[in-house]
Amino acid sequence: MLKYVNTMVTFSEVPDEISLCIEISNCPCHCKNCHSSYLAEDIGEPLNLDNLVKLIKANQGITCIAFMGGDASPATVDAYASMIKYRYPNLKVAWYSGRQELNEDILLENFDFIKLGPYIEELGPLNSRTTNQRFYKIEENKLVDITNLFWKSND
């Protein structure tokens, strides 16, 4: 079962989208110096279809749902993404995974964006040109790297 701790609407997690970001706890990745290390704990409210629908309805104007974590149960993240695609075809779906490789339970057709890679402090986050993390747009069921959209042009 997935649990979520916080939600926030942001303009920075997914390029050109107004994203409802859902922070999922019980992260198994344990990245050193993670900026959200509390998400490694088994805390928060259960994330189920009913409260997912309530979160979407309470945040009119969003263009994307971004699951921030969920590596403890990728199959559940995929199932929720599928439901969103079916029920809310105008919403895009993103997943931030701390894993280096895409989990076999993830079907690309259920997502518009996927971030892969653990946080490695010396390489920096997505907005660093030296980052190991990659942000992909899903096009024709393929991962297209758009990480550079997070970099400032004068870096």
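Every value quoted in this text rests on a predicted model; they were computed, and no experiment measured them.

Reading the values: rules and limits
- Residues numbered from 1 in each chain as written.
- Predicted model: local features only at pLDDT ≥ 70, side-chain atom pairs only at ≥ 80, totals over all residues.
- Heavy atoms only, no water.
- Phe/Tyr/Trp six-rings, centres within 6.5 Å; stacked < 30°, edge-to-face > 60°.
- Helix = DSSP H or I, 4+ residues; strand = E, 2+ residues; numbered from the N terminus.
- Buried < 20%, exposed > 50% of the residue type's maximum accessible area, 1.4 Å probe, protein only.
- Pairing = 2+ DSSP bridges.
- Contact = heavy atoms within 4.5 Å.
- Axes fitted to C-alpha atoms, helices over the stretch in contact; angles between N-to-C directions.
- Salt bridge = Lys/Arg side-chain N within 4 Å of Asp/Glu carboxyl O.
- 1 Å grid on protein atoms, 1.4 Å probe; cavity = no way out; pocket = protein on both sides within 12 Å on 5 of 7 lines; lining within 4 Å.
- Points joined across faces, edges and corners; volume = space filled by probe spheres on them.
- Nonpolar A, V, L, I, M, F, W, Y, C, P; charged D, E, K, R; others polar.

(A) Quick peek at the packing of aromatic side chains. For the structure shown, the criterion picks out four aromatic pairs. Judged by centre distance (6.4 Å) and plane angle (35 degrees), the rings of Trp95 and Phe111 are tilted. With Trp95 in strand S5 (residues 92-96) and Phe111 in the loop between S5 and strand S6 (113-116), this residue pair connects regions lying 16 residues apart in the sequence. The class for Trp95 is buried, based on a relative accessible area of 1%.

(B) Quick peek at the sheet that holds strand S7 (residues 134-139). With respect to topology, eight strands assemble into an open sheet ordered S3-S1-S2-S4-S5-S6-S7-S8, the strand pairing being mixed. Of all the strands in the sheet, just strand S3 (45-46) and strand S8 (142-145) have a single pairing partner and so form its edges. For strand S2 (residues 19-24) and strand S4 (residues 64-68), the ladder comprises five bridges, and the chain directions are parallel. Paired with Ser19 across the two strands is Cys64, which belongs to S4. Sheet strands touched by helix H2 (residues 74-87): S4 and S5. Its angle to S5, the strand with the most contacts, is close to 165 degrees.

(C) Quick look at unusual backbone geometry. Although it is not a glycine, Asn26 sits at a positive phi angle of roughly 65 degrees. Following the sequence through the fold, Asn26 ends up in the loop between S2 and S3. Taking the relative accessible area as the measure of exposure, Asn26 reaches 34% and is therefore partly exposed. Non-glycine residue His30 carries a positive phi angle of around 50 degrees. The topology assignment puts His30 in the loop between S2 and S3. With a relative accessible area of 56%, His30 lands in the exposed category.

(D) Quick look at the pattern of salt bridges. Per the counting criterion, the structure on display carries five salt bridges. A salt bridge links Lys92 to Glu17; the nearest nitrogen and oxygen atoms lie 2.9 Å apart. In this pair, Lys92 sits in strand S5 while Glu17 sits in the loop between strand S1 (3-10) and S2, placing the two residues 75 residues apart along the sequence. Judged by its relative accessible area of 31%, Lys92 falls in the partly exposed class. Classification of Glu17 by relative accessible area gives buried; the value is 8%. We note a salt bridge from Arg134 to Asp145, for which the minimum N-O separation is 3.2 Å. Taken together, the residues Arg134 in strand S7 and Asp145 in strand S8 connect sequence positions 11 residues apart.

(E) Geometry of the layout of surface pockets. Of the volumes computed, that of the largest pocket is approximately 770 Å³. Lining the largest pocket are 32 residues, with Cys34, His35, Ser36, Tyr96 and Lys115 positioned closest to its centre. If one sorts the elements of the lining of the largest pocket by residue count, S2 sits on top with three residues. Considered class by class, the residues forming the lining of the largest pocket number 16 nonpolar, 12 polar and four charged.

(F) Here's a closer look at the pairing of S2. S2 sits mainly inside the fold: six of its six residues count as buried. Burial along S2 is two-sided: Ser19, Cys21 and Glu23 and Leu20, Ile22 and Ile24, pointing in opposite directions, are all buried. One ladder, built from six bridges, connects S1 with S2; its direction is antiparallel. Within S2, the position partnered with Thr10 by the bridge is Ser19.

No statement about biological role is implied by the geometric values presented.
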